[in-house]
Amino acid sequence: DSVLAGLIDIHTLLDVGTGTGLFAEQFAARGLSVTGLDVNPVMLVEARKFVPTGTFEEGVAEKLPFKDASFDVIFMGLVLHETDYLQKVFDEAYRVVRKRLAILEWPYHVQDFGPPLEHRLSFERLAFAADQSGFMPTEKVNLANLVLYLYKK
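Model, not experiment: these values are computed from the prediction.

Cut-offs and rules
Residues numbered from 1 in each chain as written. Predicted model: local features only at pLDDT ≥ 70, side-chain atom pairs only at ≥ 80, totals over all residues. Heavy atoms only, no water. Helix = DSSP H or I, 4+ residues; strand = E, 2+ residues; numbered from the N terminus. Contact = heavy atoms within 4.5 Å. Salt bridge = Lys/Arg side-chain N within 4 Å of Asp/Glu carboxyl O. Buried < 20%, exposed > 50% of the residue type's maximum accessible area, 1.4 Å probe, protein only. Polar contact = N/O pair within 3.5 Å; in protein donor to acceptor, adjacent residues only side chain to side chain.

(A) Up close: the side chain of Thr18. Relative to the elements of secondary structure, Thr18 occurs in the loop between strand E1 (12-16) and helix H1 (22-29). Every residue in contact with Thr18, bar those within four places of it in the chain, is listed here: Ala24, Gly36, Leu37, Asp38, Leu44 and Phe56.

(B) Just the pattern of salt bridges, in detail. Summed over all chains, the structure comprises 4 salt bridges. Lys49 serves as the salt-bridge partner of Glu46, at 3.1 Å between the closest nitrogen and oxygen. One end of the pair, Glu46, and the other, Lys49, are both in helix H2 (residues 41-50), 3 residues apart, so they sit about a helical turn from each other. Given the relative accessible area of 27%, Glu46 is considered partly exposed. What makes Lys49 exposed here is its relative accessible area of 56%. Arg95 serves as the salt-bridge partner of Asp68, at 2.9 Å between the closest nitrogen and oxygen. On the criterion of sequence distance, the pair formed by Asp68 in the loop between strand E3 (55-58) and strand E4 (71-77) and Arg95 in helix H3 (residues 86-96) is long-range, its members being 27 residues apart. Owing to a relative accessible area of 54%, Asp68 belongs among the exposed residues under this scheme. In this structure, a network of salt bridges that share partners links the residues Asp68, Glu92 and Arg95.

(C) The environment of Arg95, seen in detail. In this structure Arg95 comes out as partly exposed when scored by relative accessible area, which is 24%. Sequence spacing of Arg95 and Phe66 is 29 residues, and the spatial spacing of their C-alpha atoms is 9.2 Å. Look past the residues within four positions of Arg95 in its chain and what remains in contact with it is Leu64, Phe66, Lys67, Asp68, Ala69 and Lys153. Within polar-contact distance, the side chain of Arg95 engages the backbone oxygen of Leu64 at 2.9 Å.

Okay, structure coming up:
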């Protein structure tokens, strides 16, 4: 719930890289209208089972198949480090979101689990891409093993 703190009238959320719908399920349980996007159609079949009220589409973060300002919030959970063109992802998110982009990622340091450091994204790299797309300065929330980045439009 803290991800959406301070925002009024949040109704729609796009879960980019939804996978089996783990995060989408939690957002839907909180009353949001959830759309999930994933590159893997097999994952979308599973997501539909866990989130029957959700809408799930095949696609990539670099070319979102949605109209401008389609969602109140875009959430990317542990997927941004897997994308090929970081700036395109931010540009597309800016185009499609109305209020906020929330990114859950691995911290930029070596851990005993998760991807190697060279696959992780630094705060500075993310902040630069966000700024280039038009997002307001970043809020960074350090969690136990992950980092949540919040960007306002």
